[in-house]
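Single-letter residue listing:
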Amino acid sequence: MTLAGRLERLVPALSVRERFLVALREYKSDQKVSVNTADLPAGPKSEYQDYARFVVALNNILSHYADVYAHQARFLQEHVEIQLEILNNAASLLEEKEGLPKEEVSWRTFRSGKEVTVPTYLRGLSFRLREQLLIELGWVWQGLRAIELVWLEAEQELGEDPIHPTSRDLLTNAKELVAASRSRLGARRKPREPGSEMIEEAWRLVRSSARLQSLQDDL
């Protein structure tokens, strides 16, 4: 008997969860899913579908949001960083033209209330824009980490990583994009971890997506 034939004989002896994990591993390795649920009674088949809807939601809906975060990070990188460069270059040109020394800008500059030169004003705009950009990038990072933490919790619950490598790569690339932008901006502190509310919102999206899939299952 072939290996495939022996596996087919073994599958019915597996629990619903074990049977699903066989299918999940085939899916993640881009193999055709060989597990058949036609022989399952209504109760175990519903349990199998619950696992399937859960994993589909983890991959599809959260991968979609990871992609949205990646686009946001890319926008910040390509557009806002360009504005920073324009402001800093304009300040440098004016300083060179007027023979002015370069003045370092910090929050103390704004709080002092003293008059500043035009180049210093431009550098001040750049400084504030940079600070806002770091806040935005921190928010994107937290969103990506929330997805990553939900995936980790799901893996602990299932006993198997439920995420397809392409979905995992999408999130990893987005995080690398954010990290590179923060590095160029000279960020000194690590970004904050997401709060419980953000993580719970990611779980809510997963649960909502899984429930929506049941409409198709019942057709």
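Just above sits the structure.
This report concerns the structure included in the present document. (Residues numbered from 1 in each chain as written. Predicted model: local features only at pLDDT ≥ 70, side-chain atom pairs only at ≥ 80, totals over all residues. Heavy atoms only, no water.)

Now for the overall build of the protein chain. Tallying secondary structure elements over the protein chain gives seven helices and zero strands in all. Start at the N end of the protein chain and walk to the C end: the helices and strands fall as α-α-α-α-α-α-α. Within the protein chain, counting contacts between residues at least 6 apart in sequence, those at least 24 apart form 75% of the total. Counting every atom, the protein chain has about 13,700 Å² of accessible surface; 54% of that belongs to carbon and sulfur. (Helix = DSSP H or I, 4+ residues; strand = E, 2+ residues; numbered from the N terminus. Contact = heavy atoms within 4.5 Å. Areas by Shrake-Rupley, 256 points an atom, 1.4 Å probe, with all protein chains shown as cover.)

With that settled, consider the packing of aromatic side chains. Under the definition given, this model contains four aromatic pairs. Relative to Tyr 48, the ring of Phe 20 lies with its centre 5.5 Å away and its plane at 80°, an arrangement referred to as edge-to-face. In this pair, Phe 20 is assigned in helix H2 (residues 16-28) and Tyr 48 in helix H3 (residues 42-98), connecting sequence segments 28 residues apart. Exposure class is identical for Phe 20 and Tyr 48. Each is buried. A relative accessible area of 6% means that Phe 20 is categorised as buried. Through a chain of ring-to-ring contacts, three or more aromatic side chains come together here, namely Phe 20, Tyr 48 and Tyr 51. (Phe/Tyr/Trp six-rings, centres within 6.5 Å; stacked < 30°, edge-to-face > 60°. Buried < 20%, exposed > 50% of the residue type's maximum accessible area, 1.4 Å probe, protein only.)

We now examine the nonpolar core. Counting residues in hydrophobic clusters, the biggest one holds 44 residues, and the most contacted among them are Leu 58, Leu 62 and Leu 144. Looking at this core, the element that brings in the most residues is H3, giving 14 residues. In this structure Leu 144 touches Ala 66, Tyr 69, Leu 171, Ala 174, Lys 175 and Val 178, once residues within four positions along its chain are discounted. (Core = buried A, V, L, I, M, F, W, Y, C linked by side-chain atoms within 4.5 Å.)

Moving on, we get to the packing of helix H5 (residues 118-158) against helix H6 (residues 165-184). The contact between H5 and H6 brings their axes to 10 Å, and the two run at 155°. Between H5 and H6, the angle is such that the two are roughly antiparallel. The chirality of how H5 crosses H6 is left-handed. Two secondary-structure elements touch here, H5 through Leu 134, Leu 137, Val 140, Trp 141, Leu 144, Arg 145, Ile 147, Glu 148 and Trp 151 and H6 through Ser 167, Arg 168, Leu 171, Ala 174, Lys 175, Val 178, Ala 179, Ser 181 and Arg 182. (Axes fitted to C-alpha atoms, helices over the stretch in contact; angles between N-to-C directions. Parallel < 35°, antiparallel > 145°, perpendicular 65-115°, else oblique. Left-handed = near helix turned anticlockwise from the far one by under 90°.)

Judged by side-chain polarity, Val 116, Tyr 121 and Leu 125 come together as a nonpolar surface patch covering roughly 260 Å² of accessible area. Residue position: Leu 125 is located in helix H5. Residue class for Leu 125 comes out partly exposed when judged on its relative accessible area of 35%. (Patch = residues over 30% accessible without salt bridge, like charges linked within 9 Å, V, L, I, M, F, W, Y side chains within 5 Å. Salt bridge = Lys/Arg side-chain N within 4 Å of Asp/Glu carboxyl O.)

Here we come to the pattern of salt bridges. A side chain with one charge can pair with a side chain of the opposite charge if their charged atoms come near. What the rule picks out here adds up to eleven salt bridges. Here Arg 207 and Glu 200 are joined by a salt bridge, their closest N and O atoms 2.4 Å apart. According to the relative accessible area criterion, Arg 207 is partly exposed, its value standing at 38%. Judged by its relative accessible area of 39%, Glu 200 falls in the partly exposed class. Its salt-bridge partner being Arg 204, residue Glu 201 comes within 2.7 Å of it at the nearest N-O pair. Of this pair, Glu 201 and Arg 204 are both found in helix H7 (residues 196-217), three residues apart, which corresponds to roughly one turn of the helix.

Note that Lys 45 resides in helix H3. Taking relative accessible area as the criterion, Lys 45 reaches 28% and is therefore assigned partly exposed. In the structure, Lys 45 is positioned 29 residues away from Val 16 in sequence and 7.9 Å away in space, judged by C-alpha atoms. Beyond its immediate chain neighbours, meaning those up to four positions away, Lys 45 contacts Thr 37, Ala 38 and Leu 40.

Structurally, Gln 213 can be placed in helix H7. Under the relative-accessibility criterion, Gln 213 is labelled buried at 17%. A polar side-chain atom of Gln 213 sits 3.0 Å from the main-chain carbonyl oxygen of Arg 53. The contacts of Gln 213, once residues within four sequence positions are left out, are Ala 52, Arg 53, Val 56 and Ala 57. (Polar contact = N/O pair within 3.5 Å; in protein donor to acceptor, adjacent residues only side chain to side chain.)

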